[in-house]
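These are the residues of each chain, in order.
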Amino acid sequence: QVQLVESGGGLVQPGGSLRLSCVASGSIFSISNMGWYRQAAGKQRELVALIISGGSTNYADSVKGRFTISADNAKNTSYLQMNSLKPEDTAVYYCYANVMPRRSGNRYIYWGQGTQVTVSS
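Residues numbered from 1 in each chain as written. Predicted model: local features only at pLDDT ≥ 70, side-chain atom pairs only at ≥ 80, totals over all residues. Heavy atoms only, no water.

**Considering the overall build of the chain**
Per the secondary structure count, the chain includes zero helices and eleven strands. Ordered by position from the N terminus, the helices and strands of the chain form the series β-β-β-β-β-β-β-β-β-β-β. In terms of overall dimensions, the chain is globule-like: its C-alpha atoms have a radius of gyration of 14 Å, near the 14 Å expected for 121 residues. In terms of overall dimensions, the chain has C-alpha extents of about 50 × 25 × 25 Å along its principal axes. Counting every position in the chain, which comprises 121 residues, the buried fraction comes to 44%. Sequence-distant contacts, at least 24 apart, represent 56% of the contacts inside the chain between residues at least 6 apart. Summed over its atoms, the accessible surface of the chain is roughly 6400 Å², and 47% of this surface lies on carbon and sulfur atoms. In the chain, 11 side chains carry a positive charge and 6 a negative one; their mean positions are 7 Å apart. (Helix = DSSP H or I, 4+ residues; strand = E, 2+ residues; numbered from the N terminus. Rg over C-alpha atoms; globule rule 2.2 N^0.38 Å. Buried < 20%, exposed > 50% of the residue type's maximum accessible area, 1.4 Å probe, protein only. Contact = heavy atoms within 4.5 Å. Areas by Shrake-Rupley, 256 points an atom, 1.4 Å probe, with all protein chains shown as cover. Lys, Arg positive; Asp, Glu negative; His and termini not counted. Charge placed at Lys NZ, Arg CZ, Asp CG, Glu CD.)

In structure tokens form, the structure reads like this:
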């Protein structure tokens, strides 16, 4: 089994910063990419950022220049540094990992439980 655990959410004022972490653990052979989605109340889940194992990244237009995704491959961990936060960034943030488990020839998407980010004064 593979588990993803997120941390780092919370309440922050507009213009502030937060850093989210996502640790993948369990029977992992390899991870091809990791990333973050978010879902605001009453809205669909949307991709925020992703990072491929080689280091390439992709961002939603709404967060470009403010958010930075990174990964520590040795620790199976991804990070989302969020700066210049806006009220519209308020959402539950979910991390995911595209994993090939040990003794498996297939890849699966695993999700974290979600962490709340609230941007408000």
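**Considerations on the sheet that holds strand E1 (residues 2-7)**
Reading across the sheet, the four strands line up as E1-E3-E8-E7 and stay open at both edges, with antiparallel pairing between neighbours. With one partner strand each, in any of the chains shown, E1 and strand E7 (67-72) form the two edges of the open sheet. Taken over all neighbouring pairs, the strand axes of this sheet differ in orientation by 15° on average, direction set aside. Looking at chain direction, E7 and strand E8 (residues 77-82) are connected through six bridges and run antiparallel. When the sheet's bridge partners are listed, phenylalanine 67 is paired in E8 with methionine 82. (Pairing = 2+ DSSP bridges. Axes fitted to C-alpha atoms, helices over the stretch in contact; angles between N-to-C directions.)

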